[in-house]
Amino acid sequence: MAEEEAAAVDHTWLVDMVLGFMHSENWNEPLQGFIVEHCTKFDNFQDENKHEYVEIHIEFKNLVDSLLTAHLLEVDIDPEEFERKIQESGLNEDPRLQQIVGQLMAAEDFMVFKNMMIDRHQALQSEAESNFHDVGVSQAEAEALDYAEAERIAAEADDADAAAAPAAAP
């Protein structure tokens, strides 16, 4: 019983540590920056794998490894020990850690990485198309308002001309 409680405590600190660095700017900014910078190169949504994709994957793996090593050194944990503890504890299945596990899996597995990059590229494309549509709608609305305002001014001018015409007639 005491061993189970000790294991639970181990899991708690491990979860806290992982969640802590997963949400830190030191982890997220470099990874998100890398993904955004390189995902548009993954323009081939087919099964073909370009050599450039493999090179980018290696860069991503190196970035993840260096960031993870730096974070683990801060808490004095060896990377191999960390991996062993994660696997032993079953935390790789913990839903709170899916983002970090996904990034770590993408660093290790080329196909997971490629799919992550394609998904991000498609999300950026959808966002851009949505923004373009919103701008188009806003422009159309502005043009309709301008047209309505111009018609109102013209109608007022016609009314003023009509009112002035009978007075000028006698």
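Residues numbered from 1 in each chain as written. Predicted model: local features only at pLDDT ≥ 70, side-chain atom pairs only at ≥ 80, totals over all residues. Heavy atoms only, no water.

J.: Could you give an account of the nonpolar core, naming the residues involved and the relevant values?
T.: Membership of the largest hydrophobic core comes to 34 residues, with the highest contact counts inside it found for Phe60, Phe82 and Phe113. Those elements that place two or more of their residues in this core are helix 1 (2-22), helix 2 (25-39), helix 3 (51-74), helix 4 (79-89), helix 5 (98-108) and helix 6 (110-168). For this core, the element with the highest residue contribution is helix 3, accounting for eight residues. When near neighbours in sequence (up to four residues on either side) are disregarded, phenylalanine 82 contacts Leu14, Met17, Val18, Phe21, Leu68, Leu72 and Ile77. (Core = buried A, V, L, I, M, F, W, Y, C linked by side-chain atoms within 4.5 Å. Buried < 20%, exposed > 50% of the residue type's maximum accessible area, 1.4 Å probe, protein only. Helix = DSSP H or I, 4+ residues; strand = E, 2+ residues; numbered from the N terminus. Contact = heavy atoms within 4.5 Å.)

J.: Which residues make up the packing of aromatic side chains, and what values do they have?
T.: Under the criterion given, the structure shown has six aromatic pairs. Between phenylalanine 21 and phenylalanine 82, the ring centres sit 6.5 Å apart and the planes meet at 55 degrees, which makes this aromatic pair tilted. Of the two residues, phenylalanine 21 is situated in helix 1 and phenylalanine 82 in helix 4; the sequence distance between them amounts to 61 residues. Of the residues examined, phenylalanine 21 reaches a relative accessible area of 6% and is grouped as buried. (Phe/Tyr/Trp six-rings, centres within 6.5 Å; stacked < 30°, edge-to-face > 60°.)

J.: Got a sec to walk through the side chain of histidine 57? Specific residues and values, please.
T.: Take histidine 57: it is sitting in helix 3. Histidine 57 sits in the buried class, given a relative accessible area of 8%. A polar atom in the side chain of histidine 57 sits 3.0 Å from the backbone oxygen of alanine 106. (Polar contact = N/O pair within 3.5 Å; in protein donor to acceptor, adjacent residues only side chain to side chain.)

J.: Tell me about unusual backbone geometry, and name the residues and values.
T.: Trans peptide bonds make up most of the peptide bonds, and negative phi angles are found at most residues other than glycine. The phi dihedral of aspartate 76 is positive, around 60 degrees, even though this residue is not glycine. Relative to the assigned elements, aspartate 76 resides in the loop between helix 3 and helix 4. We classify aspartate 76 as exposed; its relative accessible area is 71%.

J.: Outline helix 4, supporting the account with residue identities and numerical values.
T.: Turning to helix 4, its buried residues are Phe82, Ile86 and Ser89. Taken end-on, helix 4 shows its buried residues confined to a sector of 80 degrees, consistent with a single buried face. Residues of helix 4 that are exposed and point over 90 degrees away from its buried face: Glu80, Gln87 and Glu88. A positive backbone phi angle near 80 degrees is found at glycine 90, which sits one or two residues after helix 4. (Arc of directions from axis to C-beta.)

J.: Help me get a handle on a negative patch on the surface, residues and values and all.
T.: A contiguous patch of negative charge on the surface is contributed by Glu37, Glu52, Glu55 and Glu59. For the negative patch, the leading source of residues is helix 3, giving three residues. Its location among the elements puts glutamate 52 in helix 3. For glutamate 52, a relative accessible area of 34% translates into the label partly exposed. (Patch = residues over 30% accessible without salt bridge, like charges linked within 9 Å, V, L, I, M, F, W, Y side chains within 5 Å. Areas by Shrake-Rupley, 256 points an atom, 1.4 Å probe, with all protein chains shown as cover. Salt bridge = Lys/Arg side-chain N within 4 Å of Asp/Glu carboxyl O. Lys, Arg positive; Asp, Glu negative; His and termini not counted. Charge placed at Lys NZ, Arg CZ, Asp CG, Glu CD.)

J.: So what's going on with the confidence of the model for the protein? Which residues, and what values?
T.: Counting all residues, the mean pLDDT for the protein is 78, and 71% of those residues have values of 70 or more. Taken element by element, the predicted model of the protein shows its lowest mean pLDDT in helix 1 (66) and its highest in helix 2 (93). Segment residues 1-8: pLDDT under 50, and zero contacts once partners within four positions in sequence are set aside and those in other chains are kept. (pLDDT = per-residue confidence, 0-100.)

J.: Mind laying out the pattern of salt bridges, listing which residues take part and the relevant values?
T.: Enumeration according to the criterion identifies three salt bridges in this entry. The salt bridge partner of aspartate 65 is lysine 61, with a shortest N-O separation of 3.2 Å. Of the two residues, aspartate 65 and lysine 61 both sit in helix 3, four residues apart, roughly one turn of that helix. Taking relative accessible area as the criterion, lysine 61 reaches 27% and is therefore assigned partly exposed. Between glutamate 88 and arginine 84 there is a salt bridge, with the nearest N and O atoms lying 3.2 Å from each other. With a gap of four residues between them, glutamate 88 and arginine 84 both fall in helix 4, about one helical turn apart. Judged by relative accessible area, which is 57%, glutamate 88 ranks as exposed. On the accessibility criterion, arginine 84 (40% relative accessible area) is partly exposed.

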